[in-house]
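Survey of secondary and tertiary structure
The chain contents come next:
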Amino acid sequence: MSKTSSKRVILMPSVKNNAKIVAAAKADPDAKPMTKAQLDALVPIRAARGRPRAENKKLLLSVRYSVEVVEYFRSTGEGWQARMDSVLRQYVSKHAPNQSPT
């Protein structure tokens, strides 16, 4: 039974082939070398994955609403959850007791 590796193998060019590749890249007018500032701004692909972090963090919560409430907000179209959040925030801002500064 033979074992196969799922890891990708990276084949590096020889020094001679690398010199040809570099020369061809430098001769291409559309391929400009990156500046030091551009190179410093690069981030690993794993760090760039996913959604951007929100300024206002939200709490993931499992909650049950009446069918009528959910149907109403869904009928308003895409973004209904954000509108629902907005309505609840307005309610809280009107009904929350005034907090005195400490």
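Keep in mind the model is a prediction, meaning the values are calculated, not measured. (Residues numbered from 1 in each chain as written. Predicted model: local features only at pLDDT ≥ 70, side-chain atom pairs only at ≥ 80, totals over all residues. Heavy atoms only, no water.)

1. So, the pattern of salt bridges
Across all of its chains, the model carries 3 salt bridges by this definition. Here R89 ties to D85 by a salt bridge, and the two come within 3.3 Å at their closest N and O atoms. Here R89 pairs with D85, and both are found in helix α5 (residues 80-95), just 4 residues apart, close to one helical turn. Given the relative accessible area of 27%, D85 is considered partly exposed. Connected through shared salt-bridge partners, K58, D85 and R89 make up one network. (Salt bridge = Lys/Arg side-chain N within 4 Å of Asp/Glu carboxyl O. Helix = DSSP H or I, 4+ residues; strand = E, 2+ residues; numbered from the N terminus. Buried < 20%, exposed > 50% of the residue type's maximum accessible area, 1.4 Å probe, protein only.)

2. Looking at a nonpolar patch on the surface
A surface patch of nonpolar side chains, about 600 Å² in accessible area, is lined by L59, L61, V63, Y65, V69 and L88. Relative to the helices and strands, L59 is located in the loop between α3 (45-48) and α4 (67-75). Relative accessible area serves as the criterion here: at 73%, L59 is assigned to the exposed category. (Patch = residues over 30% accessible without salt bridge, like charges linked within 9 Å, V, L, I, M, F, W, Y side chains within 5 Å. Areas by Shrake-Rupley, 256 points an atom, 1.4 Å probe, with all protein chains shown as cover.)

3. A short note on the packing of aromatic side chains
For the structure on display, the rule yields 1 aromatic pair. For the ring pair Y72 and F73, a centre distance of 5.2 Å and an interplane angle of 80 degrees mean the geometry is edge-to-face. (Phe/Tyr/Trp six-rings, centres within 6.5 Å; stacked < 30°, edge-to-face > 60°.)

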